[in-house]
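Below are the chains, spelled out letter by letter.
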Amino acid sequence: MNVVICLTILCGTYVSAGIVTVQQPKQLTGLWNTLDKQQPILAAHRGEKVLMPEHTVGSYEFAAIEGADYVEPDLVLTQDGHLVCFHDLSLRSGTNVADLPQFADKIGNLTIQIGGGFNQTINNDWFIHNFTLAELKQLRVKQLVRGIRPQYFNTLFEIPTFSEYLNVIHKMSYLQNKSVGVIPELKDPAFHNGLWPGSYYMENLLLNTLRDYGHPIRQGDVPKCNYTNNGNVFDITCGHVIIQSFEMDCIKYLHQSLGDGSPIDLLKLVSIQNYEELTYDGLKEVAGVAQHIHIGKEYLYTGIEVALQSYNYDQERIASLGGFVPPEDIVKECHALNLKVGIYTIVDSHERSNRGCAIQCEPDDKEKELFYYFEMGVDGFFVENVPEAVIIRMKFDHQLQIEALTSSGSRLIGFGGFVIVFMNFIRMLMLH
């Protein structure tokens, strides 16, 4: 009798008031609302930028160790044509360039077009495209003074090249026996390409660098990623690559260059400068050239129209494109187009979220914020303080599994269910 009861418990029965009832196995759903029904990806925004200065080898290593699915480098071009990892075109706020007298004569002003009829002007600053790689290597990256960000590492790190970033990713993939995703953003490619002869210099340099490091570019390419340490070469599984840009011309060129069946995904970033892409026809255009669209998180909360209230945008043009998709429908519409949706940026819980501030700021609550977008079905997130986001994602996934167990009719739910079964099991032994 005791053996029979033990077997029935292990096989998925439950015991209540001394009665053994056999349950039929049921399929547990526990699925996310994402396009592929899997948990969404977490991309480390500029590496682990809370604990380390952003876009440094330290921030990239930390992000991989903390469990980021992808680690993001922003890419800009030096005067001599090297891809380096830095978010801005200018250097003042993120480096010690102002403290180095040898570069005093490089200070200047810059105005560039950033899309949608918008211009950006930067005055009294130093610009990466005026520095050679050797000159940039004399600078040190500084941590912003914000939240809990430590200030101990401001003299340690150079601006890394894209090649150095890939070396870090390959190293961490080898050491952790787990591939780490590569998700570079090409910053202002039209501006950078205008400084170089030929067409699409920046995009081609990115693809060539990826290929040189063993990443498959086009359909049929054989992955050849490896990690070299002390002269020893170790084969690794190449991390998946997603290339992102705010500029549609860049994405269209990459789509054409990579061809059908490429192992590389493309991601179209959307901000207020390219607001037309959040219309019904705009989403269809993005879906024709990219697998992902990433949107400022506020546009999935308050909507793009609220953000555009102070702009004189062409409302007739928007109407001709089908009108703006309401924020609560964007994910559904994108998924219908087989387009994955992501948002930027989920910040460290010690810093202001600014969610809802276009109308009225919501109280800062990182878990509540992430849960809102999880329930909506968002497929990917750029996050800061990676461990916080990983834990919150685990918590939401745990709740999904609990709900699936509950809906299946099983009473073996978590530890509490186990206790109920065990106590009834002891009671039956005493009765018999």
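Heads up: the structure comes first, above all this text.
Residues numbered from 1 in each chain as written. Predicted model: local features only at pLDDT ≥ 70, side-chain atom pairs only at ≥ 80, totals over all residues. Heavy atoms only, no water.

**Q** Can you help me understand the nonpolar core in this one?
**A** Considering soluble globular proteins, one finds that nonpolar side chains tend to be buried as a cluster. Within the largest apolar cluster, 74 residues are counted, with the highest numbers of intra-cluster contacts made by Tyr165, Leu210, Ile243, Ile293, Leu300 and Phe381. For Ile293, the contacting residues outside a window of four places in its chain are Lys268, Val270, Leu283, Val286, Cys334, Leu339, Lys340, Val341 and Gly342. One finds Leu100, Phe103, Trp126 and Ile128 within the second-largest nonpolar core, a separate group that totals 21 residues. (Core = buried A, V, L, I, M, F, W, Y, C linked by side-chain atoms within 4.5 Å. Buried < 20%, exposed > 50% of the residue type's maximum accessible area, 1.4 Å probe, protein only. Contact = heavy atoms within 4.5 Å.)

**Q** I keep staring at the side chain of Glu54 and nothing clicks. Help me out?
**A** Relative to the assigned elements, Glu54 resides in the loop between β3 (41-44) and α2 (57-65). Under the relative-accessibility criterion, Glu54 is labelled buried at 16%. Within polar-contact distance, the side chain of Glu54 engages the side chain of Lys49 at 3.3 Å. Setting aside anything within four residues of it in sequence, one finds Glu54 in contact with Arg46, Lys49, Ser59, His87 and Val141. (Helix = DSSP H or I, 4+ residues; strand = E, 2+ residues; numbered from the N terminus. Polar contact = N/O pair within 3.5 Å; in protein donor to acceptor, adjacent residues only side chain to side chain.)

**Q** Whenever I open this one, empty space enclosed by the protein confuses me. Can you help?
**A** Rolled over the atoms, a probe sized like a water molecule indicates the empty space that remains. Applying the stated rule across the entire model yields three cavities of 30 Å³ or more. Here the largest cavity defines a volume of roughly 50 Å³. In this structure, the largest cavity is lined by Val347, Asp348, Ser349, Glu351, Ser353, Asp364, Asp365, Lys366 and Glu369. Class assignment for the residues of the lining of the largest cavity results in one nonpolar, two polar and six charged. (1 Å grid on protein atoms, 1.4 Å probe; cavity = no way out; pocket = protein on both sides within 12 Å on 5 of 7 lines; lining within 4 Å. Points joined across faces, edges and corners; volume = space filled by probe spheres on them. Nonpolar A, V, L, I, M, F, W, Y, C, P; charged D, E, K, R; others polar.)

**Q** I tried to follow the side chain of His335 on my own but got confused; where do I start?
**A** Counting through the fold element by element, His335 comes out in helix α11 (residues 330-336). Only 2.7 Å separates the side chain of His335 from the side chain of Asp379, close enough to count as a polar contact. Not counting residues up to four positions away in its chain, the partners in contact with His335 are Asn33, Thr34, Leu35, Val341, Gly377 and Asp379.

**Q** Just to check I follow, could you spell out the pairing of strand β11 (residues 226-229) for this structure?
**A** Each regular strand displays side chains that alternate between the two surfaces of the sheet. Pairing geometry for β11 and strand β12 (residues 232-235), over four bridges, is antiparallel. Bridging from a neighbouring strand, Thr228 pairs with Val233 of β12. Joining the antiparallel neighbours β11 and β12 is a turn of two residues, in which Asn230 adopts a positive phi near 55°. (Pairing = 2+ DSSP bridges.)

**Q** Sorry, what's going on with the pattern of salt bridges here?
**A** Side chains that differ in sign of charge can pair as their charged atoms come close. One pass over the structure, following the stated rule, counts 20 salt bridges. For the salt bridge of Asp36 with Lys340, the shortest nitrogen-to-oxygen distance reads 3.5 Å. Of this pair, Asp36 sits in the loop between β2 (19-21) and β3 while Lys340 is found in strand β16 (residues 340-346), placing the two residues 304 residues apart along the sequence. Note that Glu164 and Lys137 form a salt bridge whose closest N and O atoms lie 2.8 Å from each other. Here Glu164, found in helix α4 (residues 162-176), pairs with Lys137, found in the loop between α3 (133-136) and α4; they are 27 residues apart in sequence, far enough to count as distant. One network of salt bridges, in which partners are shared, links Arg46, Lys49, Glu54, Arg149, Glu351 and Glu384. (Salt bridge = Lys/Arg side-chain N within 4 Å of Asp/Glu carboxyl O.)

**Q** Mind showing me how you'd approach the state of the cysteines here?
**A** The bond known as a disulfide is covalent and runs between the sulfur atoms of two cysteines. Inspection of every chain in the model, using the stated rule, returns two disulfides. Each disulfide pairs two cysteine sulfurs, and for Cys357 the partner residue is Cys361, the sulfurs being separated by 1.9 Å. Every disulfide takes its handedness from the sign of the S-S torsion; for Cys357 and Cys361 that torsion is 125°, giving right-handed. Classification of Cys361 as partly exposed rests on a relative accessible area of 38%. (Disulfide = S-S within 2.5 Å.)

Worth remembering: the numbers are spatial, not functional.
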